[in-house]
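# Coordinates in review
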Amino acid sequence: MTAPPTGGVTMNGAVAGAIRGAIGKLFAWRDRTDADPRHDERTAAILGIALGATFAICFLTGLYSHLAQHPEPWFHLPASPAGLYRVTQGVHVATGIAAVPLLLAKLWAVFPRLLAWPPFVGAANAIERLALLPLVGGALFMLFSGVANIDLWYPLPFFFPIAHYWVAWITIGALVVHIGAKITTTRQALSSSHAVPAAAGPPPGDGHDRRRFLTAVGAGAGLLTLVTVGQTVAPLQRLGLLAPRHPDTGTQGFPVNRTAEEAGIIEKAQMADYRLAVKGRVATPLDLSLDDLRAVGLNEATLSIACVEGWSATKRWRGVRVRDLLAMAGAEPGTSVYVTGLEQGWLYGQSTLDEDQSRAADTLLAMEVNGEPLALDHGFPLRLIGPNRPGVMQTKWVTTLEVR
Amino acid sequence: MTAPAHPRGPSRVGFWIGLTIGGAVMAYGVRGALDGLGTGNPTKLAVWVVGLDLAHDLVLAPIVVIVGLLLGRLLPVRLRGPVRTAAAMSGLVVLFSWPLIRAFGRRPGNSSTLPLNYAHSVAIVLAAIWLTAAIVVGIRWRRSSVAD
């Protein structure tokens with residue numbers, strides 16, 4: 001007889017035993033899923049198509065958002081439709097949220113195949129299965145990092161927008177490989193001869209039913225959408241139990257991303273000699289006080305702050321038209337405007353107005369919102385607000401318009 | 001042990017077209033990540049991508065399967081479907097809401113960040129899920145007793 005094991009060894013033994021037991025159960029479960037329509041190719045194909053559609057929508061809207069924020073020389077953000085970015089980014093975030101249950105359901109449906117043995121047959125099959133690593137890992141990363149970001153949680157040890165953007169390309173590439181490999185199987189699985197569930201399937205009532213399963217997956221996607229989409233669809237705000245932002249909650253009744261305190265501009269923004277400079281490619285550089293600006297004439301525009309995080313709030317703004325200032329200064333045509341504010345040294349402390357946007361009647365340096373002077377957190381005394389712009393490019397505490 | 005449904009061999013033409021286009025797109029993404037993320041970070045990114053995959057395949061999916069098996073063993077046939085669905089939905093909601101419940105992203109001095117008591121929100125959503133499951137069980141029970 002051997003010496004009695006120490007506590008640690010017993011623990012390790014118990015854990016190893018539990019893991020062995022769990023693995024045994026998993027493989028026994030895998031063998032039983034052969035006759036289960038929730039794990040067959042038809043279910044995988046249906047979920048795959050739904051998931052492919054959501055990822056395509058997220059990819060395209062994401063590319064648009066990326067271009068809007070990181071302009072390329074060939075891309076100009078149009079001034080109309082004014083609510084375009086609000087819609088594309090609202091759709092991006094809502095679709096990504098709806099994809100969470102779709103992805104988990106799809107992975108559960110095909111999980112028995114992960115446990116297949118041997119792991120591959122032939123070189124092409126080996127490549128196909130290897131490409132599942134960037135596909136599944138990439139898809140999980142996209143949804144995890146996206147959800148964390150809208151929750152204002154930054155657990156990644158690198159910059160979120162760059163990682164989210166490049167992993168999107170990797171994931172979509174892996175998805176194209178996967179579609180190429182599966183297109184015939186998918187077509188066969190969706191043809192009518194495969195529509196009837198396997199006769200050998202477990203009896204109904206046990207939940208082993210494709211339609212019920214897919215209905216539940218759809219209900220999961222619908223549920224998450226319903227409790228979050230109120231962050232941009234105002235009438236559904238009361239249902240937004242899991243919305244990380246509410247359009248009517250925050251200083252002056254709408255959300256703030258960067259507070260005046262975080263930006264460290266509280267004193268500078270309230271100085272009596274606050275000035276706006278208009279310079280660069282202009283005939284007459286301007287240096288204006290707030291009273292000078294009011295004398296130029298104030299105009300109103302109803303525009304949304306539409307955040308990359310998927311929330312939006314529509315407000316009535318009042319301020320000086322950027323185009324009036326450009327005309328006063330004699331700005332050359334064919335130019336863009338580089339807008340900077342008090343907060344320097346931060347990535348989003350400045351933004352660019354393309355010609356189309358800088359000349360739009362609704363592009364304002366706002367001084368008031370909903371009939372009140374802007375709060376410090378919303379950019380007092382002067383913030384940029386323009387049509388079809390990501391919220392982070394509606395620069396606050398504006399001090400300079402540089403015509404370029 | 002019976003052989004599991006093995007993944008079928010890929011369709012040949014589609015596979016090579018997909019591999020060529022998809023491979024190029026992936027290579028573009030990998031190059032962008034290498035160039036754009038800064039020294040050392042592409043390795044960290046790879047660890048995250050592979051790590052999330054392993055966390056799903058080795059932890060989350062096995063837990064879901066084993067909980068499903070346990071529920072199947074413990075529950076009468078009539079309750080299995082609705083209870084498993086409600087359990088899966090509850091797991092989904094809790095997983096999705098975890099950063100909200102823990103309020104990782106709430107910022108002092110900014111009342112608009114994570115403005116709700118999300119534990120309370122999750123409790124309401126879970127109550128709605130289980131109430132729906134109970135109603136489904138009730139309807140099926142009534143239907144079957146009427147049929148009898």
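The coordinates are above.
These numbers come from a predicted model, not from an experiment. (Residues numbered from 1 in each chain as written. Chains lettered and ligands numbered in written order. Predicted model: local features only at pLDDT ≥ 70, side-chain atom pairs only at ≥ 80, totals over all residues. Heavy atoms only, no water.)

Residues and elements named next belong to chain A. Applying the stated criterion to the full structure yields 14 salt bridges over all chains. A salt bridge links R113 to E41, with the nearest nitrogen and oxygen atoms 4.0 Å apart. Taken as a pair, R113 in helix α3 (residues 84-114) and E41 in helix α2 (residues 41-69) lie far apart in primary sequence, 72 residues in all. E300 is paired through a salt bridge with R316; the nearest N and O atoms lie 3.4 Å apart. Here E300 is found in strand β3 (residues 299-306), whereas its partner R316 is found in strand β4 (residues 312-321), with 16 residues between them in sequence. By relative accessible area, which is 43% here, E300 ends up partly exposed. (Salt bridge = Lys/Arg side-chain N within 4 Å of Asp/Glu carboxyl O. Helix = DSSP H or I, 4+ residues; strand = E, 2+ residues; numbered from the N terminus. Buried < 20%, exposed > 50% of the residue type's maximum accessible area, 1.4 Å probe, protein only.)

A turn of α-helix holds 3.6 residues, and therefore any two residues three or four places apart point the same way. Residues and elements named next belong to chain A. Taking 1.5 Å as the rise per residue, helix α6 (residues 160-190) with 31 residues should run 45 Å; its terminal C-alpha atoms sit only 38 Å apart, a clear shortfall. Its maximal kink placed at K182, α6 deviates by approximately 55°. Counting buried positions along α6 gives 22 out of 31 residues, so the element sits mostly inside the fold. (Expected span 1.5 Å × (residues − 1). Bend = angle between axes of the 7 residues up to and from the residue.)

All names here are of chain A. The five strands are arranged β2-β1-β10-β5-β6 in an open sheet whose pairing can be described as mixed. If you trace the sheet from one side to the other, it starts and ends with β2 (286-289) and β6 (350-353), each paired once. Across the sheet, the mean angle from the axis of one strand to that of its neighbour is 15°, orientation sign disregarded. Sheet topology places strand β1 (residues 275-280) next to strand β10 (residues 398-403); four bridges connect them, and they run parallel. In the sheet register, V278 faces β10, and the bridge partner there is L401. On top of the sheet, helix α11 (residues 322-329) reaches β1, β2, β5 (337-341), β6 and β10; it is set at about 130° to β2, its chief contact. (Pairing = 2+ DSSP bridges. Axes fitted to C-alpha atoms, helices over the stretch in contact; angles between N-to-C directions. Contact = heavy atoms within 4.5 Å.)

Moving on, we come to the environment of G138 of chain B. Residues and elements named next belong to chain B. In this structure, G138 sits in helix α4 (residues 118-147). With relative accessibility at 30%, the residue G138 sits in the partly exposed group. Taking the C-alpha atoms as reference, G138 lies 53 Å from A33; in sequence the two are 105 residues apart.

This part is about a nonpolar patch on the surface. On the surface, L133 of chain A together with V50, L54, L58, V59, I63 and V67 of chain B cluster together into a nonpolar patch covering about 580 Å² of accessible area. The greatest single-element share of the nonpolar patch, amounting to six residues, is contributed by helix α2 (residues 41-74) of chain B. Residue position: V67 of chain B is located in helix α2. Exposure remark for V67 of chain B: the relative accessible area of 40% places this residue in the partly exposed category. (Patch = residues over 30% accessible without salt bridge, like charges linked within 9 Å, V, L, I, M, F, W, Y side chains within 5 Å. Areas by Shrake-Rupley, 256 points an atom, 1.4 Å probe, with all protein chains shown as cover.)

So, on to the packing of aromatic side chains. Inspection of every chain in the model, using the stated rule, returns 18 aromatic pairs over all chains. When the ring of W74 of chain A is compared with that of F75 of chain A, the centres are 6.1 Å apart and the planes differ by 80°; the resulting orientation is edge-to-face. Taking the relative accessible area as the measure of exposure, F75 of chain A reaches 15% and is therefore buried. Look at F144 of chain A and W48 of chain B: their rings are 5.6 Å apart centre to centre, the planes differ by 25°, and that puts the pair in the stacked class. Here W48 of chain B lies in helix α2 and F144 of chain A lies in helix α5 (residues 132-150), a pairing that spans two chains. Look at F144 of chain A and you get partly exposed, because its relative accessible area is 26%. An aromatic cluster of at least three residues, connected via ring pairs, comprises F59, Y165, W166 and W169 of chain A together with Y28 of chain B. The ring centre of W346 of chain A lies 3.9 Å from the NZ or CZ of R258 of chain A, which sits over that ring. (Phe/Tyr/Trp six-rings, centres within 6.5 Å; stacked < 30°, edge-to-face > 60°. Lys NZ or Arg CZ within 6 Å of the ring centre and 35° of its normal.)

Looking now at the interface of chain B and chain A. The figure often quoted for interface size is the accessible area lost as the parts come together. Each partner contributes residues to the interface: chain B has 75 residues there, and chain A has 92 residues. Our count for the chain B to chain A interface comes out at one salt bridge. Between E262 of chain A and R107 of chain B there is a salt bridge; the shortest N-O distance is 2.9 Å. At the boundary of chain B with chain A, the tally comes to ten residue pairs in polar contact (both at pLDDT 80 or more). When contributions to the side of chain B that touches chain A are tallied by element, the ones reaching two or more residues are α1 (12-36), α2, α3 (77-101) and α4 of chain B. (Polar contact = N/O pair within 3.5 Å; in protein donor to acceptor, adjacent residues only side chain to side chain.)

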